[in-house]
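Below, each chain spelled out in residue letters.
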Amino acid sequence: MAAGVSIDHVTFGYGATPVLDDVALEIAEGEFFAFLGPSGSGKTTLLRLIAGFGRPNKGRILIGGRDVTRLPPWERNLGMVFQSYALWPHMTVAKNVAFGLERRNVSRAERARRVEEALALVGLSNYAGRRPAQLSGGQQQRVALARTLVIEPEVLLLDEPLSNLDAKLRTDMRAEIRALQRKLKLTAIYVTHDQEEANAIADRLAVLEGGRIQQVGTPLALYDNPSNRFVATFLGTANLIEGEIGSDRSFKGADGFTLAGIDGDPGKACLSVRPQAIMLAAALSGADTTVTMREFLGGIVRYRVRAAGQDMTVDVPHRRGEPAFSVGAPVVMTVDPRQVAVLR
């Protein structure tokens with residue numbers, strides 16, 4: 001059975017060095033939740049506290065309504081998949097998967113049945129007799145996942161489990177993990193610094209910075225409506241423009257950038273404009289808006305444009321046969337005000 005997780009105003013630090021500062025969070029039963037943030041934000045520390053590899057200085061951690069704050073890891077009925085896979089090199093795949101069951105004194109017949117089922121779940125039924133060195137990185141990750149699932153945990157914890165894989169395999173494996181979580185109806189908590197990975201896999205996510213939760217919500221809600229400058233820039237690329245909204249709903253930037261039809265209260269504000277919310281068109285020579293950089297990124301062409309004293313990043317979909325703007329070219333830049341987020 002899946003269980004919800006409650007993080008009740010948790011504070012943690014090493015001596016005088018704070019790592020987590022009054023973190024409060026509710027993760028629903030059966031939810032796929034992600035902790036997202038840069039290195040040093042506290043996301044892995046928070047996951048380890050949930051797992052039992054440390055105790056908060058203040059606050060509580062509850063799993064399924066049960067206070068587990070002072071319980072050791074083996075009494076929490078959690079499964080954890082590590083970044084390094086942590087497989088025993090001298091053991092076969094089947095022995096690696098069975099290890100947790102042996103420690104729980106599960107009978108030999110029951111172990112064999114559950115190991116077989118777990119390997120079938122991750123598509124490794126024909127690899128039971130191999131050793132980790134005989135497997136690819138993706139296969140080793142599947143073994144680590146099977147070893148965790150076989151103990152039938154209430155909550156599945158994943159600490160950057162795909163960071164050692166190449167880009168194509170990462171995409172495939174995250175889809176497999178998501179499909180398994182849905183099939184088994186597990187509560188899953190996933191730690192990553194990769195915003196694309198978090199957006200693709202999570203029902204909801206928490207963005208952490210400096211040991212504090214900056215915002216919680218669905219990936220789409222956070223991307224479209226960031227609560228502050230950090231969230232706006234960490235969840236993808238954003239052009240941040242400081243200025244003021246007037247009573248006529250027009251925005252005037254500090255460097256002369258203007259935009260009408262802003263949906264925001266009058267006063268000082270910062271606009272967050274995503275690169276794909278900006279359109280470019282060719283202009284006559286002598287225009288004061290020019291292309292200063294161009295990068296071809298496959299599906300898009302990314303430009304850096306200088307407009308009214310403001311440097312803007314603009315993403316234009318690539319279509320075969322359509323010419324790109326050259327560096328130095330004059331352009332007309334149009335921003336859709338409906339696609340702009342107002343930050344205070």
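Residues numbered from 1 in each chain as written. Predicted model: local features only at pLDDT ≥ 70, side-chain atom pairs only at ≥ 80, totals over all residues. Heavy atoms only, no water.

1. Quick look at the packing of aromatic side chains
Going through the model one piece at a time under the given rule, you end up with 7 aromatic pairs. Between the aromatic rings of Phe32 and Tyr190, the centroid separation amounts to 6.0 Å while the plane-to-plane angle is 45°, which identifies the pairing as tilted. Of this pair, Phe32 sits in strand β3 (residues 32-36) while Tyr190 sits in strand β8 (residues 187-192), and the two are 158 residues apart along the sequence. Note on Phe32: relative accessible area 0%, which makes it buried. A cation over a ring is seen here: Arg274 above Tyr223, with NZ or CZ 3.9 Å from the ring centre. (Phe/Tyr/Trp six-rings, centres within 6.5 Å; stacked < 30°, edge-to-face > 60°. Helix = DSSP H or I, 4+ residues; strand = E, 2+ residues; numbered from the N terminus. Buried < 20%, exposed > 50% of the residue type's maximum accessible area, 1.4 Å probe, protein only. Lys NZ or Arg CZ within 6 Å of the ring centre and 35° of its normal.)

2. Thoughts on the pattern of salt bridges
Tallied over the full model, the rule gives 19 salt bridges. The salt bridge partner of Asp336 is Arg338, with a shortest N-O separation of 3.1 Å. Note on Arg338: relative accessible area 72%, which makes it exposed. Salt bridges here are not isolated pairs; linked through shared partners, they connect Glu110, Arg113, Arg114, Glu117 and Glu152. (Salt bridge = Lys/Arg side-chain N within 4 Å of Asp/Glu carboxyl O.)

3. Some words on unusual backbone geometry
Despite not being glycine, Asp22 has its phi angle at roughly 55°, a positive value. Topologically, Asp22 is positioned in strand β2 (residues 17-27). Unusually for a residue other than glycine, Glu160 sits at a positive phi of about 40°. With respect to the helices, strands and loops of the structure, Glu160 is situated in the loop between β7 (155-159) and α5 (167-184). Relative accessible area serves as the criterion here: at 12%, Glu160 is assigned to the buried category.

4. Some remarks on the sheet that holds strand β1 (residues 5-14)
Reading across the sheet, the 4 strands line up as β2-β1-β4-β5 and stay open at both edges, with antiparallel pairing between neighbours. Since the sheet does not close on itself, it has two edges, and those belong to β2 and β5 (66-67), each with one partner. Taken together, the 7 bridges between β1 and β2 define a ladder with antiparallel strand orientation. Among the inter-strand pairings, Val5 is bridged to a residue of β2, identified as Ile27. On top of the sheet, helix α1 (residues 43-51) reaches β1, β2 and β4 (58-63); it is set at about 115° to β1, its chief contact. (Pairing = 2+ DSSP bridges. Contact = heavy atoms within 4.5 Å. Axes fitted to C-alpha atoms, helices over the stretch in contact; angles between N-to-C directions.)

5. Here's the deal with the packing of helix α2 (residues 93-103) against helix α4 (residues 137-149)
Axis separation between α2 and α4 bottoms out at 7 Å; the angle between their running directions is 30°. Crossing of α2 over α4 shows right-handed handedness. Contacts between α2 and α4 involve Val93, Asn96 and Val97 on the former and, on the latter, Val143, Ala146 and Arg147. For the contact of α2 with α4, the per-class residue count stands at 4 nonpolar, 1 polar and 1 charged. (Left-handed = near helix turned anticlockwise from the far one by under 90°. Nonpolar A, V, L, I, M, F, W, Y, C, P; charged D, E, K, R; others polar.)

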